[in-house]
Structure formats: C-alpha cells, structure tokens
Amino acid sequence: MATMMMLPMLSGCGYVDYDGWDPEPPYGWDNTFCDQDLTGCWQLYQINSEYVSGDAVNFMQFNGDGRGYYYYYDRGYREEERIAYWCQRSVSGSSALQVNIQYEYGRPSTMNYWFTDRYTLWMQWRNSYGVQTYVYKEVPRAPW
C-alpha cells in the first residue's frame, strides 16, 4: 500500500500536483531532468546587453522539482503565476542545455541556458526579432 502511494511522486522531476494544473513536457522532450543549478530565485538584470529596472524587471523562481513561480509587473501591478519547467541537453548535439518553461497563463518558451558563475544565469533564444539574451542574477528570495 505504501509503495502504491509513492508512485505519483516518482514521475517527472518529483513534483505532484493536487489542484489540476499539471502540464507535461513538450513533444520530443523524453530525456528531461531537473537541473539543481537552476534552483533559487533569479532577477532579470539585462536584456540584450541593456540593463533593466523598474517595471521591466521580472523574477523566475525554480523550486528544484520542476515547478516554480514567475513574478512580473503588468501595468504597474505586481503579478505572479506558476511555472513548470523541464531541462534537457540541446538537440543540436552540443553540450548546451535547454529549458522549457510552461507558464500558467501564457505560452511555453524554450531557451538555451548557461551560467558564467554560480550567481549569473544566461538564457538565450531566437524569435522574429532575432537572438534574445536575458541575464538573471540570483537573489535571496522572491520579491513578493
């Protein structure tokens, strides 16, 4: 009986959802893992080499279990939403890492990521405007 109760906790990165919001990794993401180096709260510091401040700042909190929170401003109001995330090695055959982030109220995003030190997280992807590079710095806790 105890073994049967533990089975749901073994799937994915170990997260069990009890309220119905339980997204799945994107198609083709069969070898996902939870990168423990992402665990923590990260504040957006730069977008494409430009420093951000005020309402342009957002925060990503990765809980280490494939779930977390996205904190941001919307028309000056503080907002937060849940995220689910999955990591995998880049499909290009390089040693690069990719993360797919599913936002509770938005579309999923896939990006390459790396660290230049323990406290600096880089995320990069290509969209219709070209290559986008976001730099996050680790902060001690969520903003609100």
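Shown above is the structure to which this text applies.
Residues numbered from 1 in each chain as written. Predicted model: local features only at pLDDT ≥ 70, side-chain atom pairs only at ≥ 80, totals over all residues. Heavy atoms only, no water.

A.B. asks: Which parts of the structure should I look at to understand the overall build of the protein chain?
C.D. replies: Counting its secondary structure elements, the protein chain contains 1 helix and 9 strands. Taken from N to C terminus, the helices and strands of the protein chain fall in the order α-β-β-β-β-β-β-β-β-β. For the protein chain, with 144 residues in total, the buried portion stands at 38%. For the protein chain, long-range pairs separated by at least 24 residues make up 42% of all intrachain contacts whose partners lie at least 6 apart in sequence. Accessible surface for the protein chain amounts to roughly 9,000 Å². Of this, 50% is attributable to carbon and sulfur atoms. (Helix = DSSP H or I, 4+ residues; strand = E, 2+ residues; numbered from the N terminus. Buried < 20%, exposed > 50% of the residue type's maximum accessible area, 1.4 Å probe, protein only. Contact = heavy atoms within 4.5 Å. Areas by Shrake-Rupley, 256 points an atom, 1.4 Å probe, with all protein chains shown as cover.)

A.B. asks: Would you mind showing me how to read the nonpolar core here?
C.D. replies: Across soluble globular proteins, you tend to see nonpolar side chains buried next to one another. Within the largest apolar cluster, 26 residues are counted, with the highest numbers of intra-cluster contacts made by Phe62, Val99, Ile101 and Met123. Elements supplying a minimum of two residues to this core: strand S1 (40–47), strand S3 (59–62), strand S4 (67–74), strand S5 (77–89), strand S6 (97–103), strand S7 (109–117), strand S8 (120–127) and strand S9 (130–139). The biggest single contributor to this core is S6, with 4 residues. Setting aside anything within four residues of it in sequence, one finds Ile101 in contact with Met60, Phe62, Ile83, Ala84, Tyr85, Arg107, Pro108, Ser109, Met111 and Met123. (Core = buried A, V, L, I, M, F, W, Y, C linked by side-chain atoms within 4.5 Å.)

A.B. asks: Looking at this model, I keep getting lost on the pairing of S5. Mind explaining?
C.D. replies: A regular strand carries its side chains on alternate faces of the sheet. Relative to S5, S4 runs antiparallel, the two being bridged by 8 bridges. By the bridge assignment, Tyr73 is partnered in S5 with Arg78. Where S4 folds back onto S5 in an antiparallel hairpin, the turn is made up of 2 residues, including Arg75, whose phi is positive at roughly 55°. The pairing of S5 with S6 spans 7 bridges and is classified as antiparallel. Each bridged residue has a counterpart across the sheet, and for Ala84 the counterpart in S6 is Gln102. (Pairing = 2+ DSSP bridges.)

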